[in-house]
Amino acid sequence: MKDRFAHSLGLAAVLVPLTLFVTATIGLMAHSHFGWDRTLREGTVLLDRLAQSRRFVLTAELYAEQMLAGVPAAEADRVIATLERALSASRDLTEGHGQLAGFVAEVRLTPDLRSKAEAFEQALMAVGAALRARLADPDRYQAHDLSPYRQRLDQAAAALERDVLGALKDRRATQHREDARNILLVGLLTLLLYGLLYQAHRRRDRSFVALVASETRLRGLMRLHAFLSEINQAIVMSRSRDDLFRRVCEVCVGPGGFDLAWITPRVGEDAIGPPVAASPAHAGRWSKSPLDLAEVPPAWRKAWAAGEVARVPDLGAVAPLPGWARDLVDRGLRGYAAIPLVGRDGWRGVLHLAAASWVVDEREERRQLSAIGANLSYAVTQFELDLERKVQAERIALLAAALESTRDAVLITDRGHTIVSANRAFEHLSGRREGEIVGRRPDLWSSEIQDDRLCRALQAELTRTGSWQGEIASRRGDGGNLSLFVTIDTVHGSEGATGHYVWVITDLTELKSATDRIASLTHFDPLTDLPNRALIRSRLEHALVQAQRDRRRRAILLADLDHFKMINDGLGPAAGDELLVAVARRLQGQLRSHDTLGRQGGDEFVVLLEEVATGEEPGQAAARLIAALASPFTLSTGAEVFVQASIGIALFPDDSQDAAELFRYAEAAMHEAKRSGRGTHRYYSHAFTLAASSRLSLEGRLRRALKHEQFEVHYQPLVNLADNRVLGAEALVRLRANGETVVGPGDFIPIMEETGLIMPLGDWVQRTVCSQGRQWLDDGHLLGVLAVNLSATEVRSGRVAAQVRRTLDETGFPPSHLELEVTESGLIMRGDEAERLLLALKDLGLNLSIDDFGTGYSSLAYLKRFPIDKLKIDRSFIKDIPDDRSSVQLAATIIAMAQNLGLHVLAEGVESEAQRAFLGARGCGAYQGFLFSRPVPADEFVLRFLAPLKGAAAGADPGSPRGA
């Protein structure tokens, strides 16, 4: 009993102190717990009030900018309400009370904290006042004007937050000291109370983690709000879509806190193009080729199509990934978001954001990113609308410019046909300025519009069909006649009713005048105003019909001015035209009133003589016309020009009863007059057409012969006068008969000169002669020179040097064995270029001679200047030697002159021994002619005149061509 009492007493002694100790410990623990609870409540509530106040301010700014940007959902009342909530949270902060997630706290602020809270409240009120001022007068207060107030607010918030966190830190330190003291006091109770203390510690840590998480979340939300604000500022400050995209990418990696940002446009329906804007770190990392949308995960495509944000916290968990997304993962950027930019016809592009991780609540972040996407989409749409408005304005300006620059007059009238606008062409047409026209009716310039019947018909047609067109005759302001084609169309208003009428007036006056002029030009020569070929032929046919009825003669005279081309080339086309007009006047003065003078074309005139009584009468008329042209013509330039005409005459019905044949016969007679010395007239003879037909036949034969190589080369020896040794030969072209009439070179060479066939013939002759010469040398024959004639046409062409060089190269014929004969007239035609031509030929190593010397210009100056080797005396000076004294003197003079100039001399056409003896006595070196041999074919020439080389001489140069 006693022991039990003692035990009880001891137990009581233990339990009482223990109980007291436990009670004290519990009290201390309770006191510590309440201290922690109060610290958490006060710190959390204060920070929450601070964050709420700042968030409401940012939200109010966002609503204000949206309202100013024209977003329908943004209203001023909403902005003011948000500001009031921010001020309410600020007042709770200043007064030290508040409630958050079940925590109710009444905080007694220190004077310093209260001062900081009041400073924050004042800064907040200043921001609110500035924001209200911007809403009241946005033109005066811009978005950037809020920056100083915002900075002041941020500074006050940062200072208050710093003091609150500092106070919280101090109170935590105090609580930690109390905990340590409690631990020392309850050391014996550690095992008993460990579980309780551990649980209390865990509770305290969870509260602290929650506090830190809340703070982090608040910071993330503040970052997103700041990000949204910066995006809105970028929208406001951008001047174009590209500028906006660039600014947005910069904001995303700056205030937005993202590592990468880029914007890609939509290309068609199935692809995304390369970035149109990107942050610097992203530049060049995207392929320049479009990305197929099939490579994008379906969930992303679905979100973009719905205009929603595609947010991926961890790209590494998505499969499969596009190549660019795998690149982001490789760089450690696993957080990704894609904001679609939506236009009027669906999403137009995507803003891509990449970061290492996400720290903000997904729902809140998605909401903010969606708001950013909506704002950007609105801005992009506005830029597109601005661009459309600009294009439309440019189109309107273009149409207005086209309206002003068109040559057709354009009027715009109202429904009552009162003029409201007119272009410059109408001002020019009417002779009145637009200010004088506007407000009046179109009948002020058109007398026919005043006709009531026309007005009624016009209005009825406009009412029935909406348009009218027709031709109207009127007068200019100066009294001149006008022919106008008017088209009137109705312009309907927005509701379909008639709004205005558009008048398009085309001035047909000049067109009709031109039509009349064209009709005149169809039958009259525009230069001389004489009947042209068509009208002359028509009148001739009419005259022939009349002549058949009255059985009387008619005559056609075709006059062609001689050497008119020289006048035209020398004095110019203008002088030639003036001369033709003067000639027409003189000829017209020599004709009867019922005769017709017309211009056939060029320098040809046609005279149709009516009522020809005798066959001599047309000749007398032609003589009068020729005589009328004998006097000189004085042109406006002061030049005095002499001109004559060759006239051909054809008679009806003597020569033909057909108009076309009479023209042709008159032309044949005119050509005969020219061949007869020009300045005369000839009647048509049947022989003229036979000659023309024969010439045409020969021309055709020559063309066929050239095509089928029916020409051949004959060779006439060049002979040394001293010993009759053959020095070479002149190559002469002949036309094979082939069963047809034999034609000599004197007949076909002029035709080939006129038709230009001489060029391919000359080329063929050179190739043939050089090839033949090469063959003779290869066969071992002793060969001097082979002379080939160059026509004047070949010399004028300027291609002869290149042609000869090519022939020598292709045939391999030594140039020292080739001699080219050039006529004096051919060289004179080349003028100053003649010397360059001869030097170019001489550089080839060949020999040059002047053919037919004495028949042309015969200038000693060019003989001294030109690199000539030989003179060939023309046969016309040789044929009368020695009987004709003048021929003897000329030949002797030429030989002496050539010897003095160091030139060789060859006489052509030597046919008698007396001629050869005379030339030998005068010192002539060589000759050619029938006395020695006619031109012979190549086979005969080699048998008769070419000796083979013998012994060692076969390898030597076969003779010197200078011996000729």
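Residues numbered from 1 in each chain as written. Predicted model: local features only at pLDDT ≥ 70, side-chain atom pairs only at ≥ 80, totals over all residues. Heavy atoms only, no water.

Peer 1: Please give an account of the packing of aromatic side chains that cites residues and values.
Peer 2: Under the counting rule described, the total for this entry stands at 7 aromatic pairs. Counting every residue linked through ring pairs, the aromatic cluster contains Tyr715, Trp776, Phe932, Phe941 and Phe945. Its guanidinium or amino end placed over the ring of phenylalanine 633, arginine 586 lies 3.7 Å from that ring's centre, counting from NZ or CZ. We note arginine 934 situated over the ring of phenylalanine 930; from NZ or CZ to the ring centre the distance is 4.1 Å. (Phe/Tyr/Trp six-rings, centres within 6.5 Å; stacked < 30°, edge-to-face > 60°. Lys NZ or Arg CZ within 6 Å of the ring centre and 35° of its normal.)

Peer 1: Before we move on, could you go through the nonpolar core and cite the residues and values that matter?
Peer 2: One finds Phe711, Tyr715 and Leu841 to be the most contacted residues of the largest nonpolar core, which totals 75 residues. It is helix H21 (residues 758–778) that contributes the most residues to this core, 9 residues altogether. Excluding residues within four positions of it along the chain, leucine 841 makes contact with Leu790, Val800, Ala801, Val804, Leu820, Leu846 and Leu848. (Core = buried A, V, L, I, M, F, W, Y, C linked by side-chain atoms within 4.5 Å. Buried < 20%, exposed > 50% of the residue type's maximum accessible area, 1.4 Å probe, protein only. Helix = DSSP H or I, 4+ residues; strand = E, 2+ residues; numbered from the N terminus. Contact = heavy atoms within 4.5 Å.)

Peer 1: With reference to specific residues and values, describe the side chain of glutamate 821.
Peer 2: Its place among the elements puts glutamate 821 in strand S25 (residues 818–823). One polar contact links glutamate 821 to lysine 872, side chain to side chain, over a distance of 2.5 Å. In contact with glutamate 821, not counting residues within four places along its chain, are Glu730, Ala787, Val788, Asn789, Leu790, Ser849, Asp851 and Lys872. (Polar contact = N/O pair within 3.5 Å; in protein donor to acceptor, adjacent residues only side chain to side chain.)

Peer 1: Tell me about the pairing of strand S23 (residues 726–735), and please be specific about residues and values.
Peer 2: For S23, the buried fraction is high: 8 of the 10 residues fall into the buried class. In this structure, strand S22 (residues 711–720) lies alongside S23, joined through 9 bridges in antiparallel fashion. The residue bridging tyrosine 715 from the neighbouring strand is alanine 731, located in S23. The hairpin turn running from S22 into S23, its antiparallel successor, is 5 residues long, and asparagine 724 in that turn takes a positive phi close to 55 degrees. (Pairing = 2+ DSSP bridges.)

Peer 1: Hey, could you go over the packing of helix H23 (residues 800–811) against helix H25 (residues 833–842) for me, with residue numbers and the actual values?
Peer 2: Between H23 and H25, whose axes approach to 9 Å, the crossing angle comes to 10 degrees. Accordingly, the angle class assigned to the pair H23 and H25 is roughly parallel. Listed contacts from H25 to Val800, Ala801 and Val804 of H23 are Leu837, Ala840 and Leu841. Looking at side-chain class alone, the contact of H23 with H25 contains 6 nonpolar, no polar and no charged residues. (Axes fitted to C-alpha atoms, helices over the stretch in contact; angles between N-to-C directions. Parallel < 35°, antiparallel > 145°, perpendicular 65-115°, else oblique. Nonpolar A, V, L, I, M, F, W, Y, C, P; charged D, E, K, R; others polar.)

Peer 1: Residue-level account of the environment of arginine 177, with values.
Peer 2: With respect to the element layout, arginine 177 can be found in helix H4 (residues 147–185). Residue classification places arginine 177 among the exposed positions, given a relative accessible area of 54%. Separated by 145 residues in sequence, arginine 177 and serine 32 have C-alpha atoms that sit 9.8 Å apart.

Peer 1: Explain the environment of glycine 273 to me, and be specific about the residues and the numbers.
Peer 2: Among the secondary structure elements, glycine 273 is positioned in the loop between strand S4 (271–272) and strand S5 (277–278). On the basis of relative accessible area, glycine 273 is assigned to the buried category, the value being 0%. Sequence separation between glycine 273 and isoleucine 263 is 10 residues; the distance between their C-alpha atoms is 9.5 Å.

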